[in-house]
Amino acid sequence: MGKLFVSELIPREELKKVMKETGAGLETIRFSMSDSLDHIEQNYREFEEDLDYWDHPALSFHGPFVDLVPVSYDSKIQAVTMERFNEGYRAAAHFGAENIVFHSGMVPDIYLTIGWAERIIDFWHAFMKDKTGVTVLMENMLDREIHPFEDVMKDEILGKMPNFGICLDIGHVHCRSPYAVAEWIDKLGPAIKHVHLHNNFGSQDTHNALDDGTLPVETVMSLLRDLPGERTWTIECASYERIMRSFDVWQHYIG
């Protein structure tokens, strides 16, 4: 089955209610923006207070992502990305998180897929040198193609790391990739160690409840359930109602 988390996208009072009713942990976005990282000590204190209020749930982290490009051709942008990713990772380790999710950084029509895998493999090799404990996950965001993710996981080092893998965002695939979610699952298989759960109607990333959209939920959830090994899950919806409806779907197929 694997642990379930809910994303920190609703007020903290509603989050407390959701976590109490579902038993889910929290995937925090608290340390994903530059402002929170620029005032890291203050945010550590504030987050500790919220964790007390939430009765210390299990944690997953969403890493920094805005304006960051791990495959940038500009060495200074790559260096800033590495610095921010490390700051996010240190926060995740400090609070004992199970996972931290980072976007792949692919921007179609700006970055070619040719050579992309080689550059991001080099980035992850450098990033993962001293990383143990917290599982590092690369998430599809704007990505259209599956094969670069396959290439990363076929790398002799990264593919064997127990604390490195793929976060498959099924909603992002459904509205941004020409390939069906089922194809992504088939190609990436057990490399999928974490899943972001939400739905849409295929044209916009609306983060609907799992039962509200054109993504073939029965097929997708069944395929994910049948993969070997365990994975963790995060419901990424921005209202109490959407989260609870998605929880019912997740519980039916997975929980």
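Each value, and the rule that gives it
- Residues numbered from 1 in each chain as written.
- Predicted model: local features only at pLDDT ≥ 70, side-chain atom pairs only at ≥ 80, totals over all residues.
- Heavy atoms only, no water.
- Buried < 20%, exposed > 50% of the residue type's maximum accessible area, 1.4 Å probe, protein only.
- Helix = DSSP H or I, 4+ residues; strand = E, 2+ residues; numbered from the N terminus.
- Arc of directions from axis to C-beta.
- Contact = heavy atoms within 4.5 Å.
- Pairing = 2+ DSSP bridges.

A.B. asks: So what exactly am I meant to see when it comes to helix α8 (residues 181-188) here?
C.D. replies: In an α-helix, one full turn covers 3.6 residues, which means residues spaced three or four apart are oriented alike. For α8, the complete set of buried residues consists of Val-181, Trp-184, Ile-185 and Leu-188. Buried residues of α8, seen end-on, are gathered within an arc of 100 degrees and therefore sit on one face of the element. Downstream of α8 by a residue or two, Gly-189 has a phi angle that is positive, lying close to 50 degrees.

A.B. asks: Would you mind showing me how to read the environment of Val-6 here?
C.D. replies: With respect to the helices and strands, Val-6 occurs in strand β1 (residues 4-7). Judged by its relative accessible area of 1%, Val-6 falls in the buried class. When the C-alpha atoms of Val-6 and Trp-54 are compared, they prove to be 13 Å apart, with 48 residues separating the residues in sequence. Not counting residues up to four positions away in its chain, the partners in contact with Val-6 are Leu-15, Val-18, Met-19, Ala-24, Gly-25, Leu-26, Glu-27, Thr-234, Ile-235 and Ile-243.

A.B. asks: What is the right way to read the pairing of strand β8 (residues 232-235) from this model?
C.D. replies: Residues in a regular strand point their side chains to alternate faces of the sheet. Neither face of β8 is left uncovered, since the one carrying Thr-232 and Thr-234 and the one carrying Trp-233 and Ile-235 both have all their residues buried. The pairing of β1 with β8 spans three bridges and is parallel. Paired with Val-6 across the two strands is Ile-235, which belongs to β8. Note that strand β7 (residues 192-197) and β8 share four bridges and pair parallel. What sits directly across from Leu-197, in β8, is Ile-235.

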